[in-house]
Amino acid sequence: MEILGYQRPDGQLGIRNKVSIIFSTDCSRYVANKLYQLYPVGTQIFGYPGGCALRQGPFNKLVALGTHSSSAAALIIGLGCEGTDAYMLADEIAKSGRPVQALKINEAGGDLKTLEQGSRLLVDLLQYASQVERVTMTPADLIVGQECGGSDATSGLASNPITGVAADLLIEAGGTYMHSEVSELIGCADILAERAVNQQVAQEIREVIEAAEQRSFASGRFSWGYGNILGGLTSIEEKSYGCLAKSGTKPLQGVLKSYGLPPGKGYYVQVGEPGSGFFHGDPEGINQFAACGAHIGLFTTGCGSTTGGLIPVLKVIANPNRMQLIADNADLDATPVIRGEATIRELGETLYAEILAVAAGKLTKSEIHGHFEV
Amino acid sequence: MPQRAILLNVADDVATAIVDLPAQESVTVSLEDRSVEVVLNQEIEFGHKFALRDIAQGEPILKYGLPIGSALSDIRAGEWVHVHNCRSEHFGFHREQYGLKA
């Protein structure tokens, strides 16, 4: 199957091709949304749902998302008095060579004039995007992130190990894979440190896991409870191994603490920039992967999450009862593992094939249903 | 015949039931070139684990090829493995570190 990607001026290769409508503050979200409603085909919308002050993390994240491989061009809508200045944002994104336009509502003369000017700018950007050169991509060009949400007993037993197999296959083909959620890796610091490519990476992974552990103890939000024990989990480390199973078996290349592309290929753990989370929860996780260059998000769920994000999200579900309820949102039916009819290895190979199909253009359920949570 | 329990790693000491398994059942689990048959000496519910070999008190118990804790007592093959006979090493360590009562 040929993956025909979109060539970007900075050398990145995208599997989708969108013009980004970016609101630089909550105050300009209204106009940005109106523009998105007027031109829903070929566009995507995201922004900073925050206020006046400039905060570096969110600013860097908007730049990273605006220069994502799937973003062909950008139109930034600002109010004019916010710290995440629309022109500054435009200048940063334009360094990637992508066409960028920016409007400030209080310079353009209010909502209606911004809508009118913004519409004309969008038409030009959409025409530009429609003519972007297509080039052949290989699995080695792909970056995939893995998130779990609505986890249950089947997550650690089947879905996460299945994504681990797909991770190994992707990395063997030269690709890049990442996951986050270090707070769910309590007890895994030594194991991941052993997989680290050098002492510095080993030290970094220990630090981020131990910091997450101390935060969870300090806040009392320790992810271990009576329900876990009733469900069959004996220890926090057993629960964490179920999460770790999504990491596969390849060497840990690094800990991604800032946005932008990973420095190399292979397996990474991503933690995000402090204070940059626009929202908490799973869509945020997916979009943080996007801010680190991920083309596709894998999402394992037991209870049946419907979450999407700015990138195509591939849902993997292994709970047979939930699968019946959530089939409309599921991309990979992993229930044969729990029914004892297929192996983790077999379903992992199926998932890897599905990743390549989505890269080649197959729409995920999250895309078809319009789950572009930001 | 479909598998009724999952062996996650060939090195594991336990398998996890993927259906409720009655006592006295003979269960076979396999992964790659390893295949183990045990007779369950008690009922094992979905999501719960049973021992694939006799495990001595104090031995680490492996799942995912990694230690999930150590045996609090001698555990026979086919016996339920859970909080009554397996203790988290990590939690034990952290109870002291964070000043929690044992």
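Residues numbered from 1 in each chain as written. Chains lettered and ligands numbered in written order. Predicted model: local features only at pLDDT ≥ 70, side-chain atom pairs only at ≥ 80, totals over all residues.

**Side note on the sheet that holds strand β11 (residues 266–270) of chain A**
Residue and element names in this part refer to chain A.
- Here we have seven strands laid out as an open sheet, ordered β10-β11-β9-β8-β12-β13-β14, and parallel in their pairing. Strand pairing shows two members of the sheet lacking a second neighbour, β10 (252–256) and β14 (332–333), which therefore form its edges.
- As paired strands, strand β9 (residues 176–179) and β11 are joined by four bridges and run parallel to one another. The partner of Met178 across the bridge, within β11, is Tyr268. (Pairing = 2+ DSSP bridges. Helix = DSSP H or I, 4+ residues; strand = E, 2+ residues; numbered from the N terminus.)

**As for the confidence of the model for chain B**
- Here chain B averages 89 in pLDDT, and 88% of its residues register 70 or above.
- For this predicted complex, the interface score ipTM comes out at 0.90, while the overall pTM is 0.94. (pLDDT = per-residue confidence, 0-100.)

**Some details on the sheet that holds strand β6 (residues 60–63) of chain B**
- Taken in spatial order, the three strands line up as β6-β7-β9 (chain B) in an open sheet, and their pairing is antiparallel. Two strands close off the open sheet at either side, each with one partner strand: β6 and β9 (86–87) of chain B.
- Bridging between β6(B) and strand β7 (residues 66–71) of chain B involves four bridges; their strand directions are antiparallel. Bridge pairing links B:Leu62 to B:Pro67 in β7(B).
- Seen against the sheet, helix α10 (residues 236–244) of chain A touches β6 and β7 of chain B and runs at an angle of roughly 165° to β7(B). (Contact = placed C-beta atoms within 7 Å. Axes fitted to C-alpha atoms, helices over the stretch in contact; angles between N-to-C directions.)

**Some thoughts on the packing of helix α2 (residues 56–66) of chain A against helix α3 (residues 86–94) of chain A**
All names here are of chain A.
- The interhelical angle for the contact between α2 and α3, taken along N-to-C directions, is 45°, at an axis separation of 9 Å. Comparing their axes, α3 and α2 come out oblique. As for how α2 packs across α3, the hand of that crossing is right-handed. Residues Leu62, Val63 and Gly66 of α2 lie in contact with α3, whose contacting residues are Leu89, Glu92 and Ile93.
- Here the contact of α2 with α3 is composed, by residue class, of four nonpolar, one polar and one charged. (Parallel < 35°, antiparallel > 145°, perpendicular 65-115°, else oblique. Left-handed = near helix turned anticlockwise from the far one by under 90°. Nonpolar A, V, L, I, M, F, W, Y, C, P; charged D, E, K, R; others polar.)

**Observations concerning the environment of A:Leu356**
Residues and elements named next belong to chain A.
- Along the polypeptide, Leu356 turns up in helix α14 (residues 344–359).
- In the structure, Leu356 is positioned 354 residues away from Glu2 in sequence and 8.9 Å away in space, judged by C-alpha atoms.
- Sequence-distant contacts of Leu356, defined by excluding residues within four places in its chain, comprise Met1, Ile3 and Pro139.

**Describing the packing of helix α6 (residues 153–172) of chain A against α10(A)**
Residues and elements named next belong to chain A.
- At their nearest, the axes of α6 and α10 sit 8 Å apart, and the two run at 20° to each other. One element, α6, and the other, α10, form an angle in the roughly parallel class. Crossing geometry of α6 relative to α10 is assigned as left-handed. Side by side, α6 and α10 meet where Ser155, Gly156 and Asn160 of the first sit next to Lys239, Gly242 and Cys243 of the second.
- Looking at the contact of α6 with α10 residue by residue, the classes come out as one nonpolar, four polar and one charged.

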